[in-house]
Amino acid sequence: MGMIIGGGSGGAIRLFAADPLGIDGANALIFGVGALFFCLSVATLWRIPRAGLGPDTPDHHGSAREVVAGLVDGFRHLMAHRPAWLAMAPRWSCDSATACSWRS
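How each quantity is defined
Residues numbered from 1 in each chain as written. Predicted model: local features only at pLDDT ≥ 70, side-chain atom pairs only at ≥ 80, totals over all residues. Heavy atoms only, no water. Helix = DSSP H or I, 4+ residues; strand = E, 2+ residues; numbered from the N terminus. Buried < 20%, exposed > 50% of the residue type's maximum accessible area, 1.4 Å probe, protein only. Expected span 1.5 Å × (residues − 1). Phe/Tyr/Trp six-rings, centres within 6.5 Å; stacked < 30°, edge-to-face > 60°. Salt bridge = Lys/Arg side-chain N within 4 Å of Asp/Glu carboxyl O. pLDDT = per-residue confidence, 0-100. Patch = residues over 30% accessible without salt bridge, like charges linked within 9 Å, V, L, I, M, F, W, Y side chains within 5 Å. Areas by Shrake-Rupley, 256 points an atom, 1.4 Å probe, with all protein chains shown as cover.

1. Focus: the overall build of the chain
Then step 1. The helix and strand inventory of the chain stands at 3 helices and 0 strands.
Then step 2. Taken from N to C terminus, the helices and strands of the chain fall in the order α-α-α.
Then step 3. Counting every position in the chain, which comprises 104 residues, the buried fraction comes to 7%.

2. Digging into helix α1 (residues 2-46)
Counting along an α-helix, one turn takes 3.6 residues, and residues three or four places apart therefore face a common direction.
Then step 1. For α1, which comprises 45 residues, the first-to-last C-alpha distance of 19 Å sits more than 12% below the rise-based estimate of 66 Å (1.5 Å per residue).
Then step 2. Buried within α1 we find G10, I13, A17, A18 and A26.

3. A word on the packing of aromatic side chains
Then step 1. Enumeration over the complete set of coordinates arrives at 1 aromatic pair.
Then step 2. Judged by centre distance (5.5 Å) and plane angle (85°), the rings of F75 and W85 are edge-to-face. Placement of the pair is F75 in helix α2 (residues 64-80) and W85 in helix α3 (residues 82-101), with a sequence separation of 10 residues.

4. What to know about the pattern of salt bridges
Then step 1. On inspection of all chains with the given rule, the structure shows 1 salt bridge.
Then step 2. A salt bridge links D73 to R76; the nearest nitrogen and oxygen atoms lie 3.9 Å apart. Taken together, the residues D73 and R76, both in helix α2 and 3 residues apart, mark about one turn of the helix.

5. Concerning the confidence of the model for the chain
Then step 1. Predicted confidence across the chain gives a mean pLDDT of 81, with 88% of residues reaching 70 or more.
Then step 2. Here α3 stands out as the least confident element of the chain, with mean pLDDT 72; α2 is the most confident, with 88.

6. Examining a nonpolar patch on the surface
Then step 1. There is a patch of nonpolar side chains on the surface, built from L36, F37 and L40 and spanning about 310 Å² of accessible area.
Then step 2. Considering the arrangement of structural elements, one finds L40 in helix α1.

Here's what the structure looks like:
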């Protein structure tokens, strides 16, 4: 939702401010408005206590065996629910293609 609002407001600023300010001035205004909203979101989040963000349970650091068992259980769950599997498969293929395309 934030991307849609931010993109829409950035486009509107560029559309209406480009003539009087020029392209560089409109871009600077877009970055300034973005920085303002970022600072407002940080100020809002500072008011939330750390315990309010969760989790409510104490930390549990699982072993490698528990992590693998959880992944296998999740995979079995997805295989048992075909629509969920079909929804996740394109995402995984896109993520793995992106991860494999990174070069150092």
